[in-house]
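Here's the letter readout for the chains.
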Amino acid sequence: MRFSLLFAFCALLALHFGCSPIDDFDTSSGITLEFSVDTLRFDTVFTQVGSATRSIKVYNRNDSPIRISNIQLGDGGGSFFRLNIDGIPGDQASEVEVWANDSIYIFAEVTIDPDQPLSVSPFVIEDKIFFETNGNMQEVTLEAWGQNANYFPSRFNKGVTVGLGCQGGNVVWDDPKPYVIYGIIAIDDCLLTIPAGTRIYVHGGVAMDDNGAFNDGWLATQESGSIHILGTQEDPVIIQGDRLEEVFLDEPGQWTGIYLGRGSKNNIIEHATIRNSIFGVYVDSTAALSMQNVEIYNTSSSGIIGFSSTIEASNVLVYNNDFTSVQLLLGGNYSFNYCTIASYGVDASAATLTNFFCYDDPVFCTVREQRPLTATFENSILFGSRSDELQLGDITDNQLGWFNVSFDNCVVRVDDLLEQEDGRYFNFFNEQCQNCINGDRQSILFVDTGEDDYRLDSLSIADGLAQPNAITIDLEGVERDPMMPDAGCFERVE
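Residues numbered from 1 in each chain as written. Predicted model: local features only at pLDDT ≥ 70, side-chain atom pairs only at ≥ 80, totals over all residues. Heavy atoms only, no water.

### Brief notes about the layout of surface pockets
Here's step 1: In this structure, the largest pocket encloses a volume near 420 Å³.
Here's step 2: In terms of lining residues, the largest pocket is bounded by 18 residues, among which Glu 126, Lys 128, Lys 158, His 203 and Arg 243 are the most central.
Here's step 3: Within the residue set of the lining of the largest pocket, elements represented by two or more residues are strand E2 (39-41), strand E9 (124-133) and strand E10 (136-145).
Here's step 4: For the lining of the largest pocket, the leading source of residues is E9, giving three residues.
Here's step 5: Class assignment of the residues belonging to the lining of the largest pocket gives a composition of two nonpolar, seven polar and nine charged.
Here's step 6: Here the second largest pocket defines a volume of roughly 250 Å³. (1 Å grid on protein atoms, 1.4 Å probe; cavity = no way out; pocket = protein on both sides within 12 Å on 5 of 7 lines; lining within 4 Å. Points joined across faces, edges and corners; volume = space filled by probe spheres on them. Helix = DSSP H or I, 4+ residues; strand = E, 2+ residues; numbered from the N terminus. Nonpolar A, V, L, I, M, F, W, Y, C, P; charged D, E, K, R; others polar.)

Next up, the structure:
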């Protein structure tokens, strides 16, 4: 009789409090969850409004039951995704119980309208499910595609390098739908042609492999590969990150950049905009690039990097770079004509030119390499908010003739440079910078740098400074004055 009463009492407690005493739940800090996948992908190409549902299993591999303190969708109610957590709909759940050596299901759903603007339904849609168990944080990535586009080479290529080879032929990206680069495209033994009007969106971020973490989202050439980006004044080529919501419009570092590998020749960029990357264009050893009418901005590093390479640039605008706007390192051959290189609001110069590169501590530079440098800047503006916007580094003291740098008919800003290295550049404005103007913080130059308007003010010191040459049209297609054109990429319009 006593046993029956005790059993009935326990049964009532079980109905009220659950079937297991609270002491049975493992609350140790070593508890972690396992998941059926680390990234839940929705692999439908959406060509019309549609929904897709996928599921993930969450495992408790322990011999005791556990409570997951919190399961939460990262973007909450603002997410494209919706969750059902162990049978309960909602973007958050608390104190979710998982019995010993058991599992629960989480269902995720996404609804896509590919006809919505890209700012509403971007190409790649991501979110995360966060799990907290006994103080341990874990996550699972959700990934879907919101627009009908050319996902190249595929939508499952994150962090993977894929070679684009055509045995010396030509691949043309001329589909009217945008191209979304997902991973690293290595152009090998091939010419990639990108015609006027093409839109390229690069999915960047951090990826992992056996060697650790690295930056994803590259458009790269190898030694036998080349790229021709051939926009026009009316239909430029746009290359940028794939996040087009307003909050990301000016966000740098969303993808890595365009990398022209060692020895890559015959590379052309015309009438193009490159933005929101880590670097704009990196031209590696002995590679060559010709670029005209190009804008590069909003980078978390430099806009242009030349590393013992060859670059010919005209009507190029570089601005909003978190590091030196243009770096020309370890020698090379460079020509910049009618270019505007602006560096405002950062402790970095507009341009750095060296005939060496340090492979160890730059202060001591005991492990280094040096090569001849020839660089000419004509009819250009190299300016910014620092008192010195030019950094010149000659490891040879010009004794070998390995530092041939000239600035003609340019607007620059230098101060300490004139006294550096025992006064080597004290005669800078007679020897290296012919017919130049050295501006200062009071100089009137651009319309409004705060609004990224680098057209020339009506009282600009660059007005009429340039020397006429074969480049008779500016970046916006305006004809230059045939006798007294303006320095920089923009001709001032009355």
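### Description of the packing of aromatic side chains
Here's step 1: Under the defined criterion, the tally for this structure stands at 20 aromatic pairs.
Here's step 2: Considering the side-chain rings of Phe 307 and Phe 357, the 5.1 Å spacing of their centres and the 80° angle between planes classify their relative orientation as edge-to-face. With Phe 307 in strand E27 (residues 304-321) and Phe 357 in strand E31 (residues 356-358), the pair connects residues that are 50 residues apart, well separated along the chain.
Here's step 3: Classification of Phe 307 by relative accessible area gives buried; the value is 8%.
Here's step 4: Residue Phe 357 is classed as partly exposed on the basis of its relative accessible area of 29%.
Here's step 5: Between Phe 357 and Tyr 359 the ring centres are 5.1 Å apart and the planes differ by 75°, which places this aromatic pair in the edge-to-face class.
Here's step 6: The aromatic ring of Tyr 59 is capped on one face by Arg 61, whose charged end is 4.0 Å from the ring centroid.
Here's step 7: The aromatic ring of Phe 25 is capped on one face by Arg 67, whose charged end is 3.9 Å from the ring centroid. (Phe/Tyr/Trp six-rings, centres within 6.5 Å; stacked < 30°, edge-to-face > 60°. Buried < 20%, exposed > 50% of the residue type's maximum accessible area, 1.4 Å probe, protein only. Lys NZ or Arg CZ within 6 Å of the ring centre and 35° of its normal.)

### Observations regarding the state of the cysteines
Here's step 1: Enumeration over the complete set of coordinates arrives at three disulfides.
Here's step 2: Covalently, Cys 358 is tied to Cys 365 through a disulfide, its sulfur atoms 1.9 Å apart. A torsion of -95° about the S-S bond marks the disulfide between Cys 358 and Cys 365 as left-handed. Cys 365 carries the same exposure label as Cys 358, and that label is buried.
Here's step 3: Disulfide pairing places Cys 433 opposite Cys 436 at an S-S distance of 2.1 Å. Residues Cys 433 and Cys 436 are joined through a disulfide that is left-handed, its torsion about the S-S bond being -95°.
Here's step 4: Residue Cys 433 is classed as buried on the basis of its relative accessible area, which comes to 0%.
Here's step 5: Within the protein chain, bonded cysteines paired by disulfides and numbered along the sequence follow the pattern 1-2, 3-4, 5-6.
Here's step 6: Among the cysteines around Cys 410, which has no disulfide bond, Cys 436 carries the closest sulfur, lying 5.0 Å off.
Here's step 7: With no disulfide of its own, Cys 489 has Cys 339 as its nearest cysteine by sulfur position, at a separation of 7.6 Å. (Disulfide = S-S within 2.5 Å.)

### Comments concerning empty space enclosed by the protein
Gaps left between atoms are located by rolling a probe of water-molecule size over the structure's atoms.
Here's step 1: Taken as a whole, this structure holds one cavity of 30 Å³ or more when the rule is applied.
Here's step 2: Empty space within the largest cavity amounts to approximately 40 Å³.
Here's step 3: Lining the largest cavity, in full, are Tyr 319, Asn 320, Asn 321, Ala 342, Ser 343, Tyr 344, Val 346 and Tyr 454.
Here's step 4: Only E27 and strand E29 (340-343) provide two or more residues apiece to the lining of the largest cavity.
Here's step 5: Counted by class, the lining of the largest cavity contains five nonpolar, three polar and no charged residues.

### A closer look at the pattern of salt bridges
Here's step 1: For the structure on display, the rule yields 14 salt bridges.
Here's step 2: Across the pair Arg 41 and Glu 143 runs a salt bridge, and its minimum N-O distance is 2.9 Å. A residue pair is termed long-range when its members are at least 10 positions apart, and Arg 41 in strand E2 and Glu 143 in strand E10 qualify at 102 residues.
Here's step 3: Here Glu 143 falls in the buried class, since its relative accessible area comes to 1%.
Here's step 4: Arg 492 is paired through a salt bridge with Asp 463; the nearest N and O atoms lie 3.8 Å apart. Remark: Asp 463 occurs in the segment after strand E41 (453-456) and Arg 492 occurs in the segment after E41; sequence separation between them is 29 residues. (Salt bridge = Lys/Arg side-chain N within 4 Å of Asp/Glu carboxyl O.)

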